[in-house]
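Letter by letter, the chains look like this.
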Amino acid sequence: MNGAAEERLSEIRSRIDKAAELARRKAVDVTLIAISKTHDAQAIRPLLASGQRVFGENRVQEAEAKWPALQREFPDVVLHHVGQLQSNKADEAVALFDAIHGVDRPSLVTALAKAMEKTGRRPDCFLQVNVGDEPQKGGCPVAELPTLIEGAREAGLPIIGLMCVPPADVEPAPYFALLAKLARRHGLGALSMGMSGDFETAVTIGATHVRVGTALFGERA
Ligand SMILES: *Cc1c(COP(=O)(O)O)cnc(C)c1O
């Protein structure tokens, strides 16, 4: 298992390198976030041993149970929260995570701003955009993004970029391009886009952060 994780990691890294080269970008400008949700410390350790330091989780409680012990061993771990975040988890999220990708509504902006005030910690924030305007999906509707950005800036959140999960089973490139255009329009430099099935496409379109779970850890139970 140890060797397998190391091989998967180096394969993903070389695919990122190739995609970056194709787009005349530098691979160092792309952060690989290993999405370790549902996987236990035993599955995570081989990736730590192989040098991976940036990880992502989608559930605050699960992350609180898993990461503090690992972080004592590997103090340079960087933790990202991805996906839906409930406002009543804002304090805990701000205390544990170094970046938060799912900021998608004014109530969460307010809760995070308060939590940052309280804790003195200021994790980088990404605003999640519902690029396909899908009713069931998290993310701010494209039309409401300017208002959300304005509110987040007024509240003093450290907004560094935009994040999206494009609609499933369709070509993702146009959605990635839309996110890149929205980020440029609003002067935001970071783009969190691309998962196991489409991270290379995302890198060619400008992703600065790719969120890869399955391709590193195997299928989730
Ligand atoms: C689970 C998850 C990922 C990783 O997805 P894979 O297809 O397993 O790579 C990426 N982003 C978010 C928001 C997720 O919830």
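Refer to the preceding data block for the structure.
The rules we used
- Residues numbered from 1 in each chain as written.
- Predicted model: local features only at pLDDT ≥ 70, side-chain atom pairs only at ≥ 80, totals over all residues.
- Heavy atoms only, no water.
- Near = heavy atom within 4 Å.
- Polar contact = N/O pair within 3.5 Å; in protein donor to acceptor, adjacent residues only side chain to side chain.
- Areas by Shrake-Rupley, 256 points an atom, 1.4 Å probe, with all protein chains shown as cover.
- Phe/Tyr/Trp six-rings, centres within 6.5 Å; stacked < 30°, edge-to-face > 60°.
- Helix = DSSP H or I, 4+ residues; strand = E, 2+ residues; numbered from the N terminus.
- Buried < 20%, exposed > 50% of the residue type's maximum accessible area, 1.4 Å probe, protein only.
- Core = buried A, V, L, I, M, F, W, Y, C linked by side-chain atoms within 4.5 Å.
- Contact = heavy atoms within 4.5 Å.
- Salt bridge = Lys/Arg side-chain N within 4 Å of Asp/Glu carboxyl O.

Peer 1: In this structure, what is going on with the site of the ligand? I would like to understand it.
Peer 2: Within the structure, the ligand sits among Ile35, Lys37, Val82, Gly83, Met163, Met195, Ser196, Arg211, Val212, Gly213, Thr214 and Arg220. Contact between the ligand and Lys37: an oxygen atom at 2.6 Å from a side-chain N or O atom of the residue. Surface burial for the ligand is 88%, taken as the share of its 390 Å² of free accessible area covered by protein chains.

Peer 1: Is there a simple way to explain the packing of aromatic side chains in this structure?
Peer 2: The relative placement of two aromatic rings is captured by the distance of their centres and the angle of their planes. Applying the stated criterion across every chain yields a total of one aromatic pair. When the centroid spacing of 4.9 Å and the interplanar angle of 45° are considered together, the rings of Phe55 and Trp67 count as tilted. One end of the pair, Phe55, is in strand E2 (residues 54-57); the other, Trp67, is in helix H3 (residues 60-73), with 12 residues separating them in the sequence. Trp67 carries the same exposure label as Phe55, and that label is buried.

Peer 1: Explanation requested: the nonpolar core in the structure shown.
Peer 2: Generally speaking, nonpolar side chains in soluble globular proteins are found buried as a group. Counting 64 residues, the largest nonpolar core has Phe55, Leu112, Leu127, Leu157, Leu162 and Val210 as its most contacted members. No other element matches helix H5 (residues 106-119), which puts seven residues into this core. Dropping the residues within four chain positions of it, Leu157 is found in contact with Val103, Val109, Leu112, Ala113, Met116, Arg122, Cys125 and Ala152.

Peer 1: What's the story with the side chain of Gln52 in this structure? I'm lost.
Peer 2: With respect to the secondary-structure elements, Gln52 resides in the loop between helix H2 (41-49) and E2. The buried category is assigned to Gln52, whose relative accessible area is 1%. A distance of 2.9 Å separates a polar side-chain atom of Gln52 from the backbone oxygen of Leu32. Among residues more than four places away in sequence, those in contact with Gln52 are Leu9, Arg13, Leu32, Ala34 and Leu47.

Peer 1: Would you explain the pattern of salt bridges in this entry?
Peer 2: Applying the stated criterion across every chain, the model contains 10 salt bridges. In this structure, the salt-bridge partner of Glu200 is Arg15, at a minimum N-O distance of 2.9 Å. A residue pair is termed long-range when its members are at least 10 positions apart, and Glu200 in helix H8 (residues 199-204) and Arg15 in helix H1 (residues 2-22) qualify at 185 residues. On the basis of relative accessible area, Glu200 is assigned to the partly exposed category, the value being 30%. One salt bridge in this structure joins Glu134 and Lys137, with 2.9 Å as the shortest N-O distance. Note on Glu134: relative accessible area 14%, which makes it buried. Residues joined by salt bridges that share partners form a network here, namely Glu11, Arg15 and Glu200.

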